[in-house]
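Chain and residue survey
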Amino acid sequence: MNATANLKKIIVQALNEIWGLEIEDTDVLVNETRPEFEGDFTVVVFPFAKQLRTAPVKIGEQLGNYILEKSTAISSFNVVQGFLNLSFNNSFWNVQLDEILKNVNFGYSEPNGNKVLVEFSSPNTNKPLHLGHIRNILLGWSSSKLLQAAGYEVVKTQIVNDRGIAICKSMIAYQLFGNGTTPESTGIKGDHFIGKYYVSFETHFKQEYKKWQKSDNGLNAFDSNKKEGEIEDHFFDRFKNEYFNTYSKLGIQAKEMLLKWEDGDEDTIQLWSKMNSWVYEGFEKTYEKLGVYFDRNYYESDTYKLGKTLIEDGLKREVFYKKEDGSVWINLEDVGMDHKLVLRSDGTSVYMTQDIGTAQQRNVDNQVNRMVYVVADEQDYHFKALFEILKKLEEPYAHELHHLSYGMVDLPTGKMKSREGTVVDADDLIEDVINEAKSASMSRGELEGVDQFDQEEIFRKIGLAALKFFIIKVNPRKRMTFDPKESVDMQGQTGPYIQNAYVRILSVLRKSKNNSTLEVLDYDDLQELERKLIQTMFQFPDFIKDAAEALDPSSIANYCYNLAKMYHRFYHEFRILSAETESAKYFRLKLSEAVAQILKTGMDLLGIEMPDRM
RNA sequence: GGUCUCGUAGCUCAGCUGGAUAGAGCAGCUGACUUCUAAUCAGCAGGCCACAGGUUCGAAUCCUGUCGGGAUCACCA
């Protein structure tokens with residue numbers, strides 16, 4: 001229970017005692033007082049004026065007097081129009097500061113006994129991770145942290161898309177052009193190695209297709225299938241899939257590979273596992289660099305058949321229905337959606353089938369009562385359907401499913417397109433930001449005397465902070481523009497700016513030789529900025545709860561920035577080590593320590609590490 | 001076309017469960033390092049919160065419509 005919650009209770013009580021009005025705590029709006037007015041928190045009394053048929057100012061006055069009398073924490077109040085501004089006394093704030101310092105995990109809630117599974121990243125195994133994955137990973141990781149902080153037990157997981165035609169393309173290309181090389185023999189990171197062959201397949205396929213378009217077969221296909229007045233380019237664009245499936249030599253090979261894989265052909269499986277293992281080694285390195293890990297992975301090659309049993313079962317219970325051709329569907333019209341296919345006519349599973357199976361399997365394995373899927377907003381419809389289906393199947397966790405849907409990442413030049421080679425590679429990006437941090441740091445020269453290894457560690461922390469903060473500060477729901485130049489900025493609203501506030505504090509603390517017998521409470525000359533700092537920290541737990549509830553790490557990012565900004569100002573305006581009095585010095589050291597603690601905790605929730613110096 | 005979503009300073013973004021005069025950063029211009037890390041701070045300038053209606057004491061925020069961007073509506077994943 002914090003002070004605003006207490007405040008609301010008192011207001012409710014006052015309204016009831018004075019006017020006999022009955023309302024809930026949630027009907028009371030308490031805001032931070034705007035800087036141009038005097039006070040710490042503001043109660044908006046307009047809403048009561050109507051119900052009580054009394055002038056807002058009058059209600060404000062009476063409420064103010066009531067609170068002043070009942071609460072020892074309030075020192076004064078003033079009423080402006082319909083706003084009741086309340087000031088808390090110094091000792092109240094000093095006590096709050098003490099509370100923060102006493103609790104290393106200030107902001108964290110007690111375990112709530114619930115278990116939530118968070119799925120994120122979930123890459124395909126045919127190419128390396130890119131910028132889009134980074135946004136996904138940061139959101140997933142941070143949401144997991146937030147949920148943990150809010151009291152949940154969290155299982156971090158991914159579904160690895162390790163099967164299908166895409167990986168077969170890489171396999172074919174590797175067989176044709178790989179010459180038995182390996183990531184080891186070439187020195188190329190495993191995921192990039194595989195990606196190279198995927199690209200190689202596409203390149204060769206394109207060449208083959210171009211050639212075919214000029215051939216008799218190609219011209220015939222054009223003549224007999226074109227729409228009226230359709231030009232060649234347009235037609236062949238449209239015809240590409242059919243070409244791949246029926247005419248292309250490469251396409252046919254890839255498809256045969258897929259069939260062999262599904263048949264469990266030994267050589268195919270062997271090649272497949274070997275190539276996938278290279279990819280996993282590569283992914284692992286990238287995850288490690290980003291500082292993330294998973295508690296448990298699920299692989300499509302294991303789970304793609306899982307859904308079928310559930311479908312069979314649902315068919316018996318008439319949740320699903322079968323068409324004449326044998327395909328199985330579900331009617332979602334009652335929830336404003338369409339009919340959705342859950343099993344192909346040949347009995348093979350689709351994306352949805354496997355997701356149904358995976359969800360159930362995950363619940364069997366982990367006994368969760370909530371699941372969060374971090375997936376881009378292009379799949380909004382799919383997840384809406386999936387959740388409805390699971391509800392109809394009466395899965396126990398079905399009412400606690402959340403799709404953390406986030407907007408795609410654009411470049412200043414437009415969309416990222418693999419076809420046009422504009423995809424920003426994750427590993428390259430990470431390397432770039434670290435190098436940028438290194439050169440920025442070198443030119444400042446603060447790290448002279450720090451040993452090589454520690455320096456590298458600091459560069460890594462700074463570079464990644466810049467990158468991560470740049471991405472995580474944006475509200476997930478929104479599409480974002482990623483400007484590589486801006487992402488390595490280390491000044492202003494950035495990760496390094498926040499780190500800098502932290503580093504300044506540690507530097508002061510190192511020099512403080514604190515052996516005082518004073519207490520925070522000995523300081524009674526609290527300055528406006530000092531009070532605001534405590535007030536901001538005091539609200540940290542609420543921010544965490546709200547962010548976890550909304551699955552929105554960006555609000556924590558903005559919170560950290562605001563706190564750091566406030567501290568930088570404080571640092572500039574006030575002396576700490578050479579403060580006017582001993583009690584002021586002691587207080588400011590403690591205040592700084594608390595800010596450092598909160599910044600570290602807050603940034604940790606975002607998956608951002610803090611350096612001790614920079 | 002149906003549905004969903006976004007539109008706030010030149011640019012990148014906060015603010016959105018309705019509350020006081022809409023905030024930051026970048027870029028531009030002024031200033032502040034013999035003094036706790038200047039990756040900092042202070043200041044100037046920059047806005048018809050896409051547009052039009054509505055709801056009300058009060059709207060960037062809620063509702064409706066229009067315009068613009070994006071996504072989606074596959075026996076693809």
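Residues numbered from 1 in each chain as written. Chains lettered and ligands numbered in written order. Predicted model: local features only at pLDDT ≥ 70, side-chain atom pairs only at ≥ 80, totals over all residues. Heavy atoms only, no water.

**A word on the overall build of chain A**
Filter applied, for reference: By the criteria applied, helices consist of DSSP H or I runs no shorter than four residues and strands consist of E runs no shorter than two, each listed in order from the N terminus. Working definition: with a 1.4 Å probe on protein chains only, accessible area under 20% of the residue-type maximum means buried, over 50% means exposed, and in between means partly exposed. Note on definitions: a residue-residue contact is assigned when non-hydrogen atoms from the two residues lie within 4.5 Å.
In terms of helices and strands, chain A carries 24 helices and 15 strands. Each principal axis of the C-alpha distribution contributes one length, and for chain A these read about 90 × 65 × 50 Å. Buried positions account for 53% of the 614 residues belonging to chain A. Considering only contacts in chain A between residues 6 or more positions apart, those separated by 24 or more positions represent 73%.

**Here's the deal with a positive patch on the surface**
Here is the rule: Nonpolar side chains (Val, Leu, Ile, Met, Phe, Trp, Tyr) within 5 Å and like charges within 9 Å form the patches, drawn only from residues with over 30% relative accessible area and no salt bridge. To measure how exposed things are, a 1.4 Å probe is used in the Shrake-Rupley method; for residues, cover is taken only from the protein chains shown. Salt bridges, as used here, are contacts in which a Lys or Arg side-chain nitrogen is within 4 Å of a carboxyl oxygen on Asp or Glu. Neither His nor the chain termini are counted; the positive set is Lys and Arg, and the negative set is Asp and Glu. A charge is said to be at NZ when it belongs to Lys, at CZ for Arg, at CG for Asp and at CD for Glu.
Together, K206, K210, K214 and R419 make up a positively charged patch on the protein surface. Residue position: K206 is located in helix α8 (residues 190-214). The class of K206 is partly exposed, set by a relative accessible area of 44%.

**Observations regarding the sheet that holds strand β12 (residues 401-406)**
Cut-off, in case you're wondering: Here a strand pair is declared whenever DSSP counts at least two bridges between the two strands. Note on method: axes are straight lines fitted to C-alpha atoms, helices fitted across the in-contact stretch only, with angles between N-to-C directions ranging 0 to 180 degrees.
The parallel open sheet is built from five strands, whose spatial order is β7-β6-β5-β11-β12. What marks the edges here is a single partner per strand, and that holds for β7 (296-299) and β12. With strand direction ignored, the average angle separating the axes of adjacent strands in the sheet is 25°. In the sheet, strand β11 (residues 370-376) pairs with β12 via six bridges, with the strands oriented parallel. From the neighbouring strand, V372 faces β12, where its bridge partner is H402.

**With respect to the pattern of salt bridges**
Under the defined criterion, the tally for this structure stands at 28 salt bridges. In this structure, the salt-bridge partner of E36 is R34, at a minimum N-O distance of 3.1 Å. With respect to class, E36 is no different from R34; both count as exposed. Among the salt bridges present, the one from R531 reaches D40, with a minimum N-O distance of 2.9 Å. You can see R531 sitting in helix α21 (residues 528-538) and its partner D40 sitting in the loop between β1 (30-32) and β2 (41-44), a full 491 residues away along the chain. For R531, a relative accessible area of 13% gives the class buried.

**Let's talk about the nonpolar core**
Going by this rule: Among the buried residues, those of types Ala, Val, Leu, Ile, Met, Phe, Trp, Tyr and Cys that are joined through side-chain atoms within 4.5 Å form a nonpolar core.
With 167 residues, the main nonpolar core has I498 and M537 as its most contacted residues. Counting residues per element, this core draws most heavily on helix α24 (residues 582-605), at 12 residues. Those residues in contact with I498 that sit more than four places away from it in its chain are F469, C560, Y561, A564, L599, M603 and M610. Counting 31 residues, the second largest nonpolar core, distinct from the first, contains I330, A359, F387 and L401.

**Quick word on the protein's contact with RNA strand B**
To keep it simple, the criterion reads: For this description, a residue counts as near a given molecule or strand if any of its non-hydrogen atoms is within 4 Å of it. N or O atoms closer than or at 3.5 Å make up a polar contact, with two conditions inside protein: a donor-capable atom paired with an acceptor-capable one, and, for residues adjacent in sequence, both atoms drawn from side chains.
Taken together, 61 residues are adjacent to RNA strand B, and D325, R344, K415, R444 and R504 come closest. Close to the protein, within 4 Å, the atoms of RNA strand B are drawn from sugar and phosphate at a rate of 63%. A distance of 2.5 Å separates a phosphate oxygen of RNA strand B from a polar atom in the side chain of Y497. Take I576: an N or O atom from its main chain is 3.1 Å from a base nitrogen of RNA strand B. Only β2, α2 (46-52), β4 (83-88), α17 (426-444), β15 (480-481), α20 (495-512) and α23 (553-573) provide two or more residues apiece to the surface near RNA strand B.

**Structural notes on empty space enclosed by the protein**
It is a probe the size of a water molecule, rolled over the atoms, that shows where empty space is left. Stated formally: Cavities and pockets were defined on a 1 Å grid built over protein atoms only: a cavity is a set of grid points that admits a 1.4 Å probe from which the probe cannot escape, a pocket is an open set flanked by protein on both sides within 12 Å along at least five of seven lines, and lining residues are those with an atom within 4 Å of any such point. Grid points are joined across faces, edges and corners, and a volume is the space filled by probe spheres set on the points. When residues are sorted by character, Ala, Val, Leu, Ile, Met, Phe, Trp, Tyr, Cys and Pro go into the nonpolar class, Asp, Glu, Lys and Arg into the charged class, and all the rest, Gly among them, into the polar class.
What the rule picks out here adds up to one cavity of 30 Å³ or more. Taken as a whole, the largest cavity encloses approximately 30 Å³ of empty space. If you go around the largest cavity, the residues you meet are R460, K461, L464, A465, K468, G607, I608 and E609. Across the lining of the largest cavity, the residue classes tally to three nonpolar, one polar and four charged.

**A look at the pairing of strand β5 (residues 115-119)**
The condition is simple: The handedness rule is simple: strands pointing away from the viewer, and a clockwise path from the first strand over the helix to the second, make the crossover right-handed.
For β5, the buried fraction is high: five of the five residues fall into the buried class. Neither face of β5 is open: one carries K115, L117 and E119, the other V116 and V118, and all of them are buried. Where β5 lies against strand β6 (residues 153-160), five bridges are found, and the strand directions are parallel. Bridge pairing links E119 to T157 in β6. Handedness of the crossover joining β5 and β6 through helix α5 (residues 131-149): right-handed. By the bridge criterion, four bridges tie β5 to β11 in an arrangement that is parallel. When the bridges of β11 are listed, L117 appears paired with M371.

**Describing the packing of α8 against helix α9 (residues 216-225)**
Note the cut-off: In this scheme, roughly parallel covers angles under 35 degrees and roughly antiparallel covers those over 145, while 65 to 115 is roughly perpendicular and the rest are oblique.
For the pair α8 and α9, the least separation of the axes is 4 Å and the interaxial angle reads 75°. As far as their axial angle goes, α9 and α8 are roughly perpendicular. Each of W212, Q213 and K214 in α8 lies in contact with α9, whose residues at this interface are D216, N217, G218, L219 and A221. Considered class by class, the residues forming the contact of α8 with α9 number three nonpolar, three polar and two charged.

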